[in-house]
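These are the residues of each chain, in order.
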Amino acid sequence: MIVSCSSDTTLKAWKAFSSGECVRTFRQHSDYVTSLAAAKDSNILASGGLGCEVFLWDLEAALIPVSRAANDGTVEGGYEGIHSSGGSGGIVLTDRATSTNSSSFGTINTSQGYSPVPAKGHKESVYALAINDAGTVLVSGGTEKVIRVWDPRSGTKQMKLKGHTDNVRTLLLDSSGRLCISGSSDSTIRLWDLGQQRCVHSYAVHTDSVWALASPPSFSHVYSGGRDLSVYLTDLSSRESTLLCTEQQHVLQLALQDDEWLWVATPDSSLHRWPARSSLKTLQKGSSFVAGSLPYARARASLDGSAPVPLHAEPAFVIPGTPGILQHAVLNDRRHLLTKDAVGIVKLWEITRGAVVTDFGKVSFEEKEKELFEMVSVPAWFTIDTRLGSISVHLDTPQCFGAEIYAVDLQVTGASEETKLNLGQQTLRGLLAHWIACRKQKASPQEADGDLLAGAGSGTAEHGLGRGAVDDGASHSPGVFPAFEFENELPPSIITEGSQGGPWRKKATELDGTEDEKELPWWCIDAVLNGKLPPREHAKCSFFLQPYEGTSLQVLTQGKLSAPRILRIQKVMNYVLDKLAVDKLDKSVDDGGSVLTSTSVHMLSQNSSGNGHTSSKSGSRVWQHQSKLQIEILCNHQVLPPVMSLATVRAYVWKKPEDLCLQYRTIPE
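Positions within a chain are numbered from 1, following the residues in the order the chain's sequence is written. The predicted origin of the model limits local features to residues at a pLDDT of at least 70 and limits the giving and counting of side-chain atom pairs to 80 or more, whereas totals for whole chains, interfaces and linings rest on all residues. Side-chain numbers here rest on the full set of heavy atoms in the structure, without hydrogens or water.

1. Some remarks on the overall build of the protein
Then, number 1: The helix and strand labels rest on DSSP assignments: H or I over at least four residues marks a helix, E over at least two residues marks a strand, and numbering proceeds from the N terminus. Each helix and strand counted, the protein has 10 helices and 44 strands in total.
Then, number 2: Each residue is assigned to one of three classes by its accessible area relative to the maximum for its type, calculated with a 1.4 Å probe on protein chains only: buried under 20%, partly exposed between the two thresholds, exposed over 50%. Buried positions account for 48% of the 669 residues belonging to the protein.
Then, number 3: Two residues qualify as a contact provided that any one of their heavy atoms is within 4.5 Å of a heavy atom in the partner residue. Taking the intrachain contacts of the protein between residues at least 6 apart in sequence as the baseline, contacts between residues at least 24 apart amount to 54%.
Then, number 4: Exposure was quantified through the Shrake-Rupley algorithm and a 1.4 Å probe, taking into account, for residues, occlusion by the shown protein chains and nothing else. Accessible surface for the protein amounts to roughly 31,800 Å². Of this, 49% is attributable to carbon and sulfur atoms.

Structural data, given as structure tokens:
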């Protein structure tokens, strides 16, 4: 059995050596859970965190199955739990979770389940815990700079030890519970005799905070690591210390394997195994020095007078991990994300597919971001979090439905130039494609052939540009477009707030179609199954359209026009040409002497709907061909590219809070 703690405030028990599933989730802490300690010879487990709390658990009692009503959720593997690993935290391994040798403590309530015993008395955050093998002595430390000693069987405080001048970050107890070793942010290591209730030795080995300790059962020497990237081996009797190795990043955890190998964990995702030399008499003098008793007295030179050098240059073995993402930037198109990982690799991701588009290798992140800059304005419809080293995309209503894109820009086969896709809705459909398919299979034939997916996807078509709001039409497409297809081999995990008192998590390909509003938000289900989206604010852009200064062109409109923010300037050009064409028709003859028929006017005002009708764009080409008249649209005396959207013009050209003002003029032949 493995028990883990996390910054999501929970503890989780896992069947690590069988199915790997989470069998129980404990939600007792009010803040990040930072440390765990388990007794080897009993069921006792202690947990502490930033909420000034320490709880004492009887694992055997805590893992007793809890009866739950059918409408309260499901029971996984006979225990209450959810499949979620949460954020970073601690982990302990125990093989005594079902032992009956220790007396049970804590409270078992048939309706609410097990409640642990609180160790009351902490006034500040707890960073470190340690417990002896029998589970009779517990020590804790944190930002109070003191070490508290407890009886874990009752939760009562036995004593308080003072000596450190900064946070206590790591603790060790010997098997008997008499000797304690502590590491602190004051850069010292201290050896305590709990029977005498005092510090018997202080070791100034490190040049910065000590974050990790490891020692054999004999407690004859200690391995230490921390913020200074160094791992030292110190003899607790002779005070001789040796620099074993240096890491590339801060040392977070140490684990001793048979006093022969030392495993080192850092913020890097890989684990390193180093030789653990326990016989200091055979060590090279160039790597050793005598540890002082105070930080400022730390020996700066080795025994032979030179600066200490690491005894080992390279780890003996490495368990490689996936490098964590350290830096990210969302590109202006709001569909792509640039990331840089711990080894310097820069990659371009497509958010709507959860896939890497381009691997740039080791290049300058800042230079690549500048190179990929595109003058385009798209509303922010998601937020990104990479604090855990991976990409988390957060979607919430109504913000996630605030961005649209033309289907032709995504190379959607057969799409008209007027069809718009909602990025949030289509991304949700891609994520839940497996869930939708399972629902369709489980549905009756009548439902499957009927309205189950009637509103699953929507594309919106613009029907001209006129006074007030432009009318929208909707067409439903039950399939998933290629730009929103997620990989099945490495599917993303879907995490929601859930309705059972904690987060709910599953891989997209593990959804079976039975999930409902208890697991998935109702607005998400409504969007992918029924095509219903919440009202969007600022979806339209108001603007004035006037002749350019000094031209003799007529005023085509009185007052403001309104159109979707993603409307391209080409559409505005078509609108102007259409209006000018009508004016020319009133005169019956164009500039070239040709008669403009009512049929050509009809072609100018027609919008493509994918049913064979000619688009306004093609209509404008007919007019240009017949009249040889060409126009351009300007803003702030700057000619606008036809592909630029109204939102982009407002953000990068207009740059004023007032309504946008566009002007038109003819291009000389």
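2. Overview of helix α6 (residues 522–529)
Then, number 1: Burial analysis of α6 places 6 of its 8 residues in the buried class, the great majority of the element.
Then, number 2: Three or more residues of α6 are buried, namely Trp523, Cys524, Ile525, Ala527, Val528 and Leu529.
Then, number 3: Elements in contact with the buried residues of α6: α3 (423–431) and α4 (433–442).

3. Observations regarding empty space enclosed by the protein
Then, number 1: Two kinds of site are reported from a 1 Å grid over the protein atoms alone, namely cavities, where a 1.4 Å probe fits but cannot get out, and pockets, open sets with protein on both sides within 12 Å along at least five of seven lines, and residues are called lining when an atom falls within 4 Å of a point. Grid points are joined across faces, edges and corners, and a volume is the space filled by probe spheres set on the points. Within the structure shown, the criterion is met by 1 cavity of 30 Å³ or more.
Then, number 2: Volume-wise, the largest cavity comes out at about 40 Å³.
Then, number 3: Among the elements of the structure, β12 (138–142) and β13 (146–151) are those that each provide at least two residues to the lining of the largest cavity.
Then, number 4: The leading source of residues in the lining of the largest cavity is β12, at 3 residues.
Then, number 5: Class assignment for the residues of the lining of the largest cavity results in 2 nonpolar, 6 polar and 3 charged. Asp, Glu, Lys and Arg are counted as charged, while Ala, Val, Leu, Ile, Met, Phe, Trp, Tyr, Cys and Pro are counted as nonpolar; the rest, among them Gly, fall into the polar class.

4. Here we look at the packing of α4 against α6
Then, number 1: Two numbers describe how α4 lies on α6: the axes approach to 12 Å, and their chain directions differ by 70 degrees. Viewed along their axes, α4 and α6 adopt a mutual orientation that is roughly perpendicular. Along the contact surface, α4 presents Trp435, Ile436 and Arg439, while α6 presents Ile525, Val528 and Leu529.
Then, number 2: Looking at side-chain class alone, the contact of α4 with α6 contains 5 nonpolar, no polar and 1 charged residues. A fitted line through C-alpha atoms serves as each axis, taken over the contacting stretch for helices, and the angle formed by two N-to-C directions is quoted from 0 to 180°. Here the angle decides the label: under 35 degrees means roughly parallel, over 145 means roughly antiparallel, 65 to 115 means roughly perpendicular, and every other value means oblique.

5. Notes on the sheet that holds strand β4 (residues 33–38)
Then, number 1: Following DSSP output, two strands are said to pair if at least two bridges run between them. What the 4 strands build is an open sheet, ordered β4-β5-β6-β10; its pairing is antiparallel. Of all the strands in the sheet, just β4 and β10 (117–118) have a single pairing partner and so form its edges.
Then, number 2: Across 2 bridges, the pairing between strand β6 (residues 54–58) and β10 is antiparallel. Across the sheet, Phe55 pairs through a bridge with Pro118, a residue of β10.

6. Digging into the side chain of Thr352
Then, number 1: Counting through the fold element by element, Thr352 comes out in the loop between β30 (346–350) and β31 (355–361).
Then, number 2: Distance and chemistry together define a polar contact, namely a pair of N or O atoms within 3.5 Å, with one atom able to donate a hydrogen and the other to accept it when in protein, and with adjacent residues in sequence counting only for side-chain atoms on both sides. Side-chain polar atoms of Thr352 contact the backbone oxygen of Ala483, separated by 2.9 Å.
Then, number 3: Contact partners of Thr352, with chain neighbours within four places excluded, come to Arg335, Trp381, Thr427, Ala483, Phe484, Glu485 and Phe486.

7. Focus on unusual backbone geometry
Then, number 1: Here the bond from Thr397 into Pro398 is cis, since omega is 0 degrees, no more than 30 degrees from zero.
Then, number 2: Residue placement: Pro398 occurs in the loop between β33 (392–394) and β34 (404–406).
Then, number 3: Notably, Gln197 is not glycine yet its phi reads approximately 55 degrees, a positive angle.
Then, number 4: Along the chain, Gln197 falls in the loop between β17 (188–193) and β18 (198–204).

8. Regarding the pattern of salt bridges
Then, number 1: A pair is scored as a salt bridge if a Lys or Arg side-chain nitrogen falls within 4 Å of a carboxyl oxygen belonging to Asp or Glu. Enumeration according to the criterion identifies 13 salt bridges in this entry.
Then, number 2: Residues Arg335 and Glu350 are paired through a salt bridge, measuring 3.2 Å at the closest nitrogen-oxygen approach. Here Glu350 lies in strand β30 and Arg335 lies in the loop between β28 (325–330) and β29 (336–341), a separation of 15 residues in the sequence.
Then, number 3: The class of Arg335 is buried, set by a relative accessible area of 13%.
Then, number 4: When salt bridges that share partners are traced, they join Arg335, Glu350 and Arg353 into one network.

9. Overview of a nonpolar patch on the surface
Then, number 1: Residues enter a patch when their relative accessible area is above 30% and they make no salt bridge; the linking distance is 9 Å between like charges and 5 Å between nonpolar side chains (Val, Leu, Ile, Met, Phe, Trp, Tyr). Taken together, the side chains of Leu271, Phe317 and Ile319 present a nonpolar region at the surface, about 240 Å² in accessible area.
Then, number 2: In this structure, Ile319 sits in strand β27 (residues 317–319).

10. Examining the pairing of strand β3 (residues 22–26)
Then, number 1: Within β3, 5 of the 5 residues are buried, which leaves the element mostly enclosed by the surrounding structure.
Then, number 2: As paired elements, strand β2 (residues 11–14) and β3 share 4 bridges and run antiparallel to each other. Bridge pairing links Trp14 to Cys22 in β3.

11. Thoughts on a positive patch on the surface
Then, number 1: The positive count covers Lys and Arg only, the negative count covers Asp and Glu only, and His and the chain ends enter neither. By convention, the point assigned to a charge is CZ for Arg, NZ for Lys, CD for Glu and CG for Asp. On the surface, Lys123, Lys157, Lys160 and Lys162 cluster together into a positively charged patch.
Then, number 2: In this fold, Lys162 is placed in strand β14 (residues 156–162).

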